[in-house]
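# Coordinates in review
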Amino acid sequence: MERFSMLIFVLLAACICRTLGNTCERQCGKKLFTCSCEPTCKSLKTCCADYSEFCVEISPYSGSIMGGTEFVILNATFNNTSNLVCRFHGNTVTEGYVDGDRRGHCVSPLLYRTGLVSVEISSDNGTTFSRTGTWLSVHTGKLDSKFKAAMVNSTQWQYYGTPNVGGTLNMTWNPSLVRADKVNIELWGYRETGEPYETDWRAEWKYLYTLAKDHPNTGSFSFVPKPGQNGSSSWELGSVRVSSNVHQEGKSHVQAVWTEDHALAWQLEEKFRENSSAWALDKCLAWDKLEEKILSFIRELIDCPCTLAQARADTGRFHTDYGCDIEKGSVCTYHPGAVHCVRAIQASPLYGAGQQCCYDSNGTQVLTGDSIGGSTPDRAHDWGSPPYDIPPHVPGQSHWVYDVLSFYYCCLWSDNCQYYFKHRPSSDCRQYKTPSTAVVFGDPHFVTFDGVSYSFNGRGEYNLVTSESMRLRVQGRTEPVSGTINATKLTAVAMKESYFDIVEVRLASDQNSLEVLRDGKSLSFSEQSWIDLNGVSVFSPSPTNVTAMFRSGAGVEVRLREGIMTTTVLLPESFKNTTLGLLGRMNGDPADDLTLNNGQVVQNQSNPEEVFSFGVSCAITQLSSLFTYDTKYLLDTYASGPKHHVGFIPVFSIPENPNDPLANETSKICSGEGSQFCRYDILVGRSPSMGNASRASFQSHISLMKALAPVAACGYVAAPENGEKLGVSYVQGAKLTFSCNDGYTLQGSQDRVCQENGQWSGEMAQCVGPSNNTAGIIAGSVIGGIVLILIITMAVLYCKRQSRKSKVKEAGGSF
C-alpha cells in the first residue's frame, strides 16, 4: 500500500509539473522557470519534482561495445504493463522489461562506437522517449576480463589448423552474466564491405551459426571445431556469444557475454587446414596488392618517442597499449622482444590511422627492420575515432581487418613478414618533439613552461593556460589553506578545448580524493578507468590520479598528495608562442614568462609583490569561467563576486624564527632542489605534510623533465647485404658495428656512432664479394691489355719513322 501511495504521489507531482510547465520530461540539462533539470540541481536543491524520474541514472553504467549488458534504471518507477524500450545514440533500440518492484531494465546493444552515448527510455513501446541518461560503451581490450568469456589457451584458438595445432577448444564465462539455466553458444562474424575510403564502405556484425543449443549454463563449454558451412568459413574475424536459450538463435541486442574478437582460424575452410602456410601466403599477397592500390596514411602520423621514458611521460599524446603493458607483465603477443608499447591517443586527422610504438628492456624503440616485434603504424586506430560508426573508425574491428589479420597472413600463419613490413614500417623518432611541461603545486607554487619558479598565493580563480589560436583554456581555483593562515592551495582545475566538453577536476568533499565533472555533472570511475568524451578523453586509474587528453595533444595531469592537488600541463610544440597565464609564455624565453595582461613584463621575478601583481592580472572573468558552482559556498564565494579576492593578502616571505617549533622538522624534511617551496609550506602553511607533498611534487616534476629531455636521433640503418649489424639503437651515443659474411670484404666504416647533430659518423658500410673482385680483375686485365697493345703499336710506328729519317739523310733529302 505504501509503495502504491508513493507511485500515486510521483504521478501526481509529474502531472502538476507538466501543468505548470516545470517538468524535466525531455528537458534534462536545462534550467526552467521555477526549477532546474541541470545536474547541479541536486546539490543546490533546486531540482524540479520529477528530476530523478526523467533524468535517470542507470546501474551498471558501462559495458562492452559488443553489447549484452543488462542494467536497471534507478529512481524511476514504471507501470507493470509498460512496454519498455531503450534507444542508444538516437538510432539503436533494444527491448526492456519492468520487474516486480516496478523498476525498468534494458540491455545494451552491439555498437560501433566507444565512449558516452545517450540513452533514451520509452515506456510506450517507442512512441515517445521521455527519460534520458547516458551509457558508457567500452572497447573490448579495455574491458575487465571478468566481464568477458575467456578463450582457454587463446593461442590454440587463433592458430587452430596450422601445423601441430588442433584438438578440443575450451571456453569459460561467469554464469551470472547470463540470467538463464540454459544458453545458446553462437559464432558471430565481422567484416567490412565496399571500397575503402568510398561512400559505400560499411561495417557489419552478423550471426553465422550456433555451436551449441540449450547448453547448461555452467560457465564452460568444449568443442572440436569444424570448417564453417554455407560460406561462413569465409569470415575470418569474429566473436563467440553466450546468451539465453529463450531467445531465437542470432537475435540481436539480448543479454549475453562475448569472447574478445579474434582471428577465426578454427573455422576457416579445409584448404587452410591442408596447407595453412600456402593459404595464408595467398591472402598476404592479395593484401599486398590492396595496400598498393589504396591511399597511403603513413605521412600524417605522429612520430614515435625515442625512448620508453619519453613514451610513458608524454601522457597528452601517448597511452599504454593494453596488449603490451610493462605494469602487467609485458605479455606482448604481437611484439615479441618488447616489454612495453604505447599508442598515439589521437587518430590521424584525415584517415583515422594510429601509431604504435614498442620498446625493449633497455628502453630502446624496437623497429621492424630489426625485429618482428617492432613498432607498427596502423591503417585503423585500434581505439577507433570519430565519427566511429563507419570504417576505418570502428573501434577494434577496423584495426583487426586492416592491420591484425594481415599480420596473421604474412607473419604468424606464414613466414612472409617482408610484405607486411613493406606497408607497416616502423616510424623512427627523428621528427618527434617532446612536449613542454609546467606545474602548479603546494601553497601554491608554479614552474612555468620555460622554467621560471615562483609562488602566488592569491585567492580566486585564475587562468593557468590560455591559447587563443589553439583554443585551449585551463583554469585553476585557489582557496585558503585554513581559516587562520593567509596562504592558499589549488582546489579545482577546469579545462576546455575548442567547442568540446568541459572537464573539471576538484577536491572531493572528503579532501582525500578527486572528483571529475563533465559539463557540470559528476563522472564515475568505479567501473571503468577510461572515458571517451566529446573531444577529450579522461583516464583515472585511482581516486587520486586523473589525466585529461585533448585532440590537440595537450595533456593535463592532476595528482593528489596529502590532500594537496598538483596539476601538470603538457603541451606539444604546436602551442609554442601561443600561451598566456600563470604558467607563462611557452617560447623558450624565461624573461617574458611573467607578463601582465597589459603587456608589461615583471622585471624582478624574485620580488613577491611584483609577482603577486602578475598573478592578479591572470584572474578570469565571470563570462569566461569554466567552473561548476553547485554549492551555496561556491555560489557566494566565487560565482557572483570578483574572481580575485582583493581582501585576501598573503604572507609574501618565509618567517625566519629559530624558536619556531616547526624549525627542526622543516630542516629534516626540506633539503636540496626546491627546498624553498617546502619551507614555505611548512613555516607559512603550518603543515609538515604539505611541505612533504610539495617536495615530492617538485621532485616528480624534475623527474618528468628528465624523462622528456630531447634526444637526437640519426635514423634507422640496415645491415649491409651479405653482412651483419650489431646494435639496434639509433639515438645520440648509439654505436653500430658492421661485419661481412665469409668471402666478403667490408667497404666503408666498420663502426658508426649517432652524433649530437643527428648524423651518423663515418660512411655507409658495404660488403663486397669475390664475384665483384673477379670482375674487377678481368676489367683491369682487359684495360691493361689494350694499353699494352697501344704502347707496342706506337713503338713500332716510332721505329719505322726513325728508319725513314735515316734513309732520307743518307739520300740528302728532307722530311
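Rules of the game
Residues numbered from 1 in each chain as written. Predicted model: local features only at pLDDT ≥ 70, side-chain atom pairs only at ≥ 80, totals over all residues. Heavy atoms only, no water. Pairing = 2+ DSSP bridges. Helix = DSSP H or I, 4+ residues; strand = E, 2+ residues; numbered from the N terminus. Axes fitted to C-alpha atoms, helices over the stretch in contact; angles between N-to-C directions. pLDDT = per-residue confidence, 0-100. Contact = heavy atoms within 4.5 Å. Phe/Tyr/Trp six-rings, centres within 6.5 Å; stacked < 30°, edge-to-face > 60°. Buried < 20%, exposed > 50% of the residue type's maximum accessible area, 1.4 Å probe, protein only. Disulfide = S-S within 2.5 Å.

## Description of the sheet that holds strand β40 (residues 751-753)
Consider a sheet: its strands pair through backbone hydrogen bonds, and that pairing is either parallel or antiparallel. Strands sit in the order β37-β38-β40 across an open sheet of three strands; the sheet is antiparallel. Each edge of the sheet is formed by a strand with only one pairing partner; in this case those strands are β37 (723-726) and β40. Adjacent strand axes in the sheet meet at a mean angle of 20°, parallel and antiparallel pairs treated alike. Taken together, the three bridges between strand β38 (residues 735-740) and β40 define a ladder with antiparallel strand orientation. Note on β40: the bridge partner recorded for L736 is R752.

## Quick word on the confidence of the model for the protein
Chain-level pLDDT for the protein is 91 on average; 92% of the residues reach the 70-or-more range. Note on residues 1-20: pLDDT is under 50 here. Beyond four places in sequence and across chains, it has 14 contacts. Across residues 772-779, where pLDDT falls below 50, the model places one contact with residues more than four positions away in sequence or in other chains.

## Some thoughts on the packing of aromatic side chains
Tallying each qualifying case throughout the model produces 42 aromatic pairs. Arranged with centres 5.3 Å apart and planes meeting at 45°, the rings of F456 and F612 form a pair that is tilted. Linking F456 in the loop between β24 (453-455) and β25 (460-467) with F612 in helix α10 (residues 608-617), this pair joins segments that are 156 residues apart in sequence. On the accessibility criterion, F456 (1% relative accessible area) is buried. Ring centres 5.6 Å apart and planes at 55° place the aromatic pair F677 and F698 in the tilted group.

## A short note on the environment of F614
Note that F614 resides in helix α10. Separated by 16 residues in the primary sequence, F614 and N598 have C-alpha atoms spaced 10.0 Å apart. F614 has contacts with Y454, G581, L582, D593, L594, T595, L596 and V602, leaving out every residue within four places of it along the chain.

## What about the state of the cysteines?
The tally for this structure, following the rule as stated, stands at 14 disulfides. Across the disulfide from C740 sits C767; the S-S distance is 2.1 Å. Between C740 and C767, the disulfide has an S-S torsion of -90° and is therefore left-handed. You can see C740 sitting in strand β38 and its partner C767 sitting in strand β41 (residues 766-768), a full 27 residues away along the chain.

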